[in-house]
Amino acid sequence: MGEAATLRSGTLTGVLSHLENLEARAQKIGVKQGGMREHQENVARLKMRIQELRCQRDELKTKLNVYRSLPVGCKDTSRCGPQAFQATEAGRQVLLEWKIANLKGLLQAFRVTGLSGKLTKQGACLCISTAFEGTYLGSYYLDLVLQQPVRIQRHSIPAFIPLEQIAHENLQTDIPRFLSLLSDYLNAFSGRKFQADQLQERFAAFLEEPLQGNSLYNMLEFSYSSGGGRKKFPFTAKLTYGDLVRILPTEVTVTCKEDALASEVEMAAVHLALFQEKPLHEAFSSIADAEENLSQAVSLESPVPVPGVLVESGISVME
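So, here is what we can say about the structure in this document.

Criteria and cut-off values
- Residues numbered from 1 in each chain as written.
- Predicted model: local features only at pLDDT ≥ 70, side-chain atom pairs only at ≥ 80, totals over all residues.
- Heavy atoms only, no water.
- Pairing = 2+ DSSP bridges.
- Helix = DSSP H or I, 4+ residues; strand = E, 2+ residues; numbered from the N terminus.
- Axes fitted to C-alpha atoms, helices over the stretch in contact; angles between N-to-C directions.
- Expected span 1.5 Å × (residues − 1).
- Buried < 20%, exposed > 50% of the residue type's maximum accessible area, 1.4 Å probe, protein only.
- Arc of directions from axis to C-beta.
- Contact = heavy atoms within 4.5 Å.
- Core = buried A, V, L, I, M, F, W, Y, C linked by side-chain atoms within 4.5 Å.
- Phe/Tyr/Trp six-rings, centres within 6.5 Å; stacked < 30°, edge-to-face > 60°.

Read from one edge to the other, the open sheet built from 4 strands follows the order β1-β2-β3-β4, with strand pairing classed as antiparallel. Among the strands making up the open sheet, the edge pair consists of β1 (115-119) and β4 (151-155). Here the strands of the sheet are splayed against their neighbours by 25 degrees on average, with no regard to which way each runs. Strand direction decides the pairing type here: strand β3 (residues 135-145) and β4, joined by 4 bridges, are antiparallel. Note on β4: the bridge partner recorded for Leu 144 is Ile 152.

Right, dumping it as C-alpha cells:
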C-alpha cells in the first residue's frame, strides 16, 4: 500500500510538473503570437501613414501651383476682378482633378489592406473588406461624391459605427485617414463578433447560458463551468472593449461563487489573464486543453482495478 501511494504521488507530481511546463510553453507561444500580430498591425499602419503623408505633400504642391497661377497682385481674391475669380475657379477644378487622381492611387494602395473600389461619374464606390487572422468576415460599401464639399451619398456601414464623427473630422481634409480609421473600426467590430460567434459554436459545452452582449460587441458577459475531471466550477466573465478599434478587451472581470475554494480563485485568475491576452475563442481553447491535461492526471492517480479483487474502504478482499 505504501509503495502504491508513493508511486501515485510521484506520478501526480510528474504530471503536474508536465502541466506547468505546458502552460509556460503555451503562454510563451501566446505572447509570441500577440507580438507578431501587433507587429503586422504596426507595419500596415505605418504603410498607410506613409501614403497619407505623400498625399498631403502632393496636395500642398497642387495648392501652391494654383496660388502661383493667380494674376500678380490678385492673391487676395476679395480685391480682384472677374479674371481672378476665373483663376480661382480653375484652381478649384485643378484640386478636384487632383483628388480624383489621388483616389485612383488610393484604390490601388489600399487593396493590400482590404479596401478596393471603382470610379463613378460622381466620385468613387469603395468596398472595405474585413477579416480576422486570415478569415474573411464580410464587406461594407461606401459611395463618395467628389465635389466641394466631398460627401457620402450611400453606404452600408452599421449604424453603431461612428461614421458621421469620422467623416466630420477627416473627410474634407484627409481622405486616406478617413478610410484608414473607418477600416480600423469595421475590422475591430467584425473581429469581436467573430470571437463571440466562435465561442458559442465551438465551446457551447462550457456555457451555462447564451452569451449576452450589445450590437457593437464591445460589452460581453457569459457564465461558464470549468474544472478538471468530473468536478466543474461555475464562473462569470465580463469583458469590456473600451477601445473600439481593438479586438482585445480593455477591462476583464472573472468571478466565482462566494464560498469558492482557493483553487477556484486561482483558476479564475488564470482565466482572467487568458481573456486579456488572447482572442476569446483562443482563450477557451487554452482552457479546454488545460482541462484535458488535468483529467488525464486524475485518471493516472486513480487505482487500476485488478480482476478478482474487490476494493472496499482501501482494503483488498479476494473473491
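Structure shown, so let's carry the discussion forward.
Over its 16 residues, helix α5 (residues 262-277) extends 23 Å from the first C-alpha to the last, a length consistent with the 22 Å expected when each residue adds 1.5 Å. Inspection of α5 places Glu 264, Met 267, Ala 268, His 271, Leu 274 and Phe 275 among the buried residues, and these make up the whole buried set. Here the buried residues of α5 occupy an arc of 120 degrees about the axis, which is enough to place them on one side. Within α5, the exposed residues directed more than 90 degrees away from the buried face are Ala 262 and Glu 266.

With that settled, the discussion passes to the sheet that holds strand β5 (residues 212-213). Across the sheet, which stays open at both edges, the 4 strands sit in the order β5-β6-β7-β8 with antiparallel pairing between neighbours. Two strands in the sheet have a free side with no partner beyond their single neighbour: β5 and β8 (251-256). Pairing of strand β7 (residues 233-240) with β8 involves 6 bridges; the strand directions are antiparallel. By the bridge assignment for β8, Ala 237 is matched with Val 254. Along the sheet, α5 makes contact with β6 (219-226), β7 and β8, crossing β8 at roughly 160 degrees.

Where strand β2 (residues 123-132) and β3 come together, 10 bridges link them in antiparallel fashion. When the sheet's bridge partners are listed, Phe 132 is paired in β3 with Thr 135. The turn linking β3 back onto β4 is made up of 5 residues.

Counting 48 residues, the largest nonpolar core has Phe 178, Leu 182, Phe 222, Tyr 224, Phe 275, Leu 280 and Phe 284 as its most contacted members. Element by element, the count of residues in this core is highest for helix α4 (residues 175-202), at 9 residues. Once you skip the residues sitting within four places of it in the chain, Phe 275 turns out to touch Phe 222, Tyr 224, Ala 237, Pro 249, Val 252, Val 254, Leu 280, Ala 283, Phe 284 and Ile 287.

Applying the stated rule across the entire model yields 13 aromatic pairs. Between Phe 132 and Phe 194 the ring centres are 5.4 Å apart and the planes differ by 40 degrees, which places this aromatic pair in the tilted class. Here Phe 132, found in strand β2, pairs with Phe 194, found in helix α4; they are 62 residues apart in sequence, far enough to count as distant. Pair check on accessibility: Phe 132 and Phe 194 agree, each one buried. Ring geometry for Tyr 224 and Phe 235: centres 5.5 Å apart, planes at 25 degrees, overall stacked. Within this pair, whereas Tyr 224 is found in strand β6, its partner Phe 235 is found in strand β7, the two being separated by 11 residues in sequence. Here Tyr 224 and Phe 235 have matching classes, each one buried. Clustering of aromatic rings is evident, with ring pairs tying together Phe 203, Phe 206, Phe 222, Tyr 224, Phe 235, Phe 275 and Phe 284.

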